[in-house]
Amino acid sequence: MKIVIIENPRPLSIEHYNDVANAPLSASLNSGYALAVARRAGWDVGYLDLSASHQSEQTMAGQIIAQGADVILVHWVYSWGHEATVRAVLARVKREQNVMIGAFGLFPTLSRSRLPEYAPQLDFIIVGEFEQTLDDLLRSRENGDRPMAVPGLAHRETTYAARDVIDDLTWLPVPDDVGANCDYTTMNIAASRGCFGECSFCFISGFYSCSRRRERSVSSLEAEIEARLQRRRIDQLYFIDPTFIGHGATQRDRVAAISGIARSAAIPFGFETRVDTVDKRLFNLLAKNGASSVFLGIESGCDSVLRRINKKTTTRQISRAVHCIQESGIPLTIGFIMFEPDSTMAELAENYDFLEDLGLLSDHELTVNLLYHNQIVLYGSESWNRFEKAGRLLLDENLPFEAGYRFKHVAVARVCRTMRLMASGYFQGMERLRGKGIRQVDDAAINGVMKEAFRECIGIAENSSEQYYHHREELFLADLHSLLADSKG
Ligand code: SF4
């Protein structure tokens with residue numbers, strides 16, 4: 001029997017350029033794990049990556065049908081407004097082939113109460129952590145025509161029963177290296193799953209249905225690195241764990257041991273971690289062992305906002321962690337939610353000063369991400385329920401499972417709009433320059449105009465007329481545009 005794993009079409013447009021940051025990085029390994037689980041269960045496997053496809057629905061459906069699979073499993077992440085295309089492709093496949101179609105991943109998990117109605121071609125949805133459920137499903141499918149009642153499987157003919165997360169992660173096979181991952185010289189890998197944090201905007205706990213972090217054994221990780229290094233050449237490892245480091249001395253020792261493995265293989269590595277796990281001695285060791293990047297989700301420079309989003313960290317902890325990383329010399333990138341939906345103008349100003357004091361607004365690539373980040377609201381998430389109840393959800397008929405929200409303060413919405421336009425202008429301009437092979441830009445001037453726009457907008461957004469505000473906004477956009485247009489190769 002054969003299963004084919006499909007990446008749903010989701011060509012990225014400039015409007016969604018920044019939204020990618022909302023997707024948990026762990027999704028990049030989902031298809032690789034699904035393929036490896038299916039092969040271990042004795043099935044033939046196929047893989048089709050339609051994520052960047054602009055082909056017609058007919059062509060995509062034809063490619064899927066040509067796989068001749070008994071089960072089609074769609075790794076449906078986001079669709080960036082292409083939901084109807086995914087549905088149409090599945091409908092064509094269903095019309096022309098008698099095949100069982102399912103979906104797995106973050107999006108089907110969150111939207112499982114509405115997705116079967118939207119895409120009735122789906123026979124089942126695997127909810128949350130999928131490997132054990134998929135293994136059970138494939139083994140039971142070999143014994144009969146329809147899926148049996150498998151925990152974790154949402155299916156029209158059976159009552160849904162939740163499945164516990166996998167306790168022993170060494171049960172997992174080595175994931176296949178497939179899709180867009182293989183275009184990069186960085187290899188994504190997971191040393192743990194889940195997070196003990198409960199940040200209100202995050203999907204990790206919702207996906208796993210728990211706030212528990214589970215680590216795999218260091219020896220199984222080492223074996224995976226060895227096996228995957230034989231498949232392809234890479235120049236960096238990236239640990240996609242929601243928080244690579246846990247709390248306490250044992251966790252620090254574990255991470256030190258993992259960094260030792262990377263060092264022995266002479267491969268630099270990057271990772272993400274929580275502010276409250278940053279330790280000076282450990283980071284100095286990680287730097288020595290080849291740490292080449294760290295992503296820190298600091299989210300805000302205001303304690304009031306950190307409390308609102310349930311981050312369970314303070315600005316003092318953030319400053320200490322950022323300084324510690326800066327001193328270690330490991331390049332730092334930051335996750336930041338400048339425009340939290342209930343933000344006040346005073347909080348925006350506080351955020352700006354905080355970032356400036358930490359020296360984080362000196363590089364335009366980082367500045368643009370810090371001064372504008374779009375928090376998207378996904379159907380089925382806590383934020384969706386909250387904004388819907390408060391009458392603040394902004395629906396768009398082209399995006400059936402995504403929404404915006406109404407800011408609590410109109411002036412904050414104004415500044416957010418300006419920074420969204422600045423960020424889009426920046427991304428589009430940089431993309432154009434890259435397309436022309438131009439690499440040299442006036443870094444300081446571009447960074448300066450982004451910062452100046454933000455500073456001036458928070459100064460005038462509350463009290464100026466729409467006409468005057470709009471006029472200033474246009475001037476900043478024009479400045480940015482001409483700086484990018486003046487760049488030479
Ligand atoms: S610390 Fe990061 S991964 Fe953990 S819940 Fe918060 S945002 Fe999510």
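Refer to the structure printed above.
Residues numbered from 1 in each chain as written. Predicted model: local features only at pLDDT ≥ 70, side-chain atom pairs only at ≥ 80, totals over all residues.

**Focus: helix 2 (residues 57-66)**
- Within helix 2 the residues assigned to the buried category are Met60, Ala61 and Ile64. The buried residues of helix 2 all sit within an arc of 100° when viewed along its axis, so they share a single face. With respect to the buried face of helix 2, the exposed residues turned more than 90 degrees away are Gln58, Thr59 and Ala66.
- Note on helix 2: the residue one or two positions beyond its end, Gly68, has a positive phi of about 60°. (Buried ≥ 20, exposed ≤ 12 C-beta atoms within 10 Å, placed from the backbone. Helix = DSSP H or I, 4+ residues; strand = E, 2+ residues; numbered from the N terminus. Arc of directions from axis to C-beta.)

**A word on helix 16 (residues 410-435)**
- Helix length check: helix 16, at 26 residues, gives a terminal C-alpha distance of 37 Å against a target of 38 Å (1.5 Å per residue), a fit within 8%.
- Of the residues making up helix 16, those classed as buried are Ala411, Val412, Arg414, Val415, Cys416, Thr418, Met419, Met422, Ala423, Gly425 and Tyr426.
- Buried residues along helix 16 sit against helix 13 (345-357), helix 14 (364-371), helix 17 (443-460) and helix 18 (466-485).
- Backbone geometry just after helix 16 places Gly437 at a positive phi near 75°. (Expected span 1.5 Å × (residues − 1). Contact = placed C-beta atoms within 7 Å.)

**Overview of the nonpolar core**
- Of all hydrophobic cores here, the largest spans 124 residues; its most connected members are Ile3, Ala34, Ala38, Ile72, Phe239, Val415 and Met422.
- With 8 residues, helix 16 is the largest single contributor of residues to this core.
- With residues up to four places along the chain from it excluded, the contact list for Ala38 reads Ile3, Trp43, Val45, Leu134 and Leu138. (Core = buried A, V, L, I, M, F, W, Y, C linked by C-beta atoms within 7 Å.)

**Things to note about the pairing of strand 3 (residues 71-75)**
- Of all 5 residues in strand 3, 5 are buried; the element is thus mostly enclosed.
- Burial of the side chains of strand 3 extends over both faces: Val71, Leu73 and His75 are buried on one face and Ile72 and Val74 on the other.
- The sheet contact formed by strand 1 (residues 2-7) and strand 3 spans 5 bridges and is parallel. The partner of Ile6 across the bridge, within strand 3, is Val74.
- Where strand 3 and strand 4 (residues 100-104) come together, 5 bridges link them in parallel fashion. Bridging across to strand 4, Val71 finds its partner in Met100. (Pairing = 2+ DSSP bridges.)

**Focus: the site of the ligand**
- In the vicinity of the ligand, the residues found are Cys195, Gly197, Glu198, Cys199, Cys202, Ile204, Pro242, Thr243, Arg274 and Gly297.
- Broken down by class, the residue content of the shell around the ligand amounts to 5 nonpolar, 3 polar and 2 charged. (Near = placed C-beta within 6 Å. Nonpolar A, V, L, I, M, F, W, Y, C, P; charged D, E, K, R; others polar.)

**Some words on the sheet that holds strand 15 (residues 393-395)**
- As summarised here, the arrangement of the 3 strands in space is 14-16-15, forming an open sheet in which the pairing is antiparallel. Sheet topology places strand 14 (377-378) and strand 15 at the edges, where each strand pairs with a single neighbour.
- Direction of pairing for strand 14 relative to strand 16 (residues 402-405): antiparallel, over a ladder of 2 bridges. Paired with Val377 across the bridge in strand 16 is Ala403.

**Re unusual backbone geometry**
- Despite not being glycine, Asn310 has its phi angle at roughly 60°, a positive value.
- Here Asn310 is to be found in the loop between helix 11 (303-308) and helix 12 (315-328).
- What makes Asn310 exposed here is the crowd of 12 C-beta atoms within 10 Å.
- A positive phi angle is found at Lys312, which is not glycine, with a value near 60°.
- Here Lys312 lies in the loop between helix 11 and helix 12.

**Remarks on the sheet that holds strand 5 (residues 124-126)**
- Spatial ordering of the open sheet is given by 2-1-3-4-5-6, a layout of 6 strands whose pairing is mixed. On the outer flanks of this sheet lie strand 2 (44-49) and strand 6 (153-155), each paired with one strand and no other. Strand-to-strand twist of the sheet, defined as the mean angle between neighbouring strand axes without regard to direction, takes the value 20°.
- Examined bridge by bridge, strand 5 and strand 6 share 3 bridges and lie antiparallel to one another. Counterpart to Ile125 in the pairing with strand 6 is Ala154. (Axes fitted to C-alpha atoms, helices over the stretch in contact; angles between N-to-C directions.)

**Concerning the packing of helix 13 against helix 17**
- Interaxial distance between helix 13 and helix 17 falls to 10 Å at its minimum, and their mutual angle equals 155°. For the element pair helix 13 / helix 17, the angle class is roughly antiparallel. Like other packed secondary-structure pairs, helix 13 and helix 17 cross with a definite hand, here left-handed. Residues Met345, Leu348, Ala349 and Tyr352 of helix 13 touch helix 17, and the partners they reach there are Phe454, Arg455 and Ile458. (Parallel < 35°, antiparallel > 145°, perpendicular 65-115°, else oblique. Left-handed = near helix turned anticlockwise from the far one by under 90°.)

Remember that the coordinates give geometry; whether it matters functionally is a separate question.
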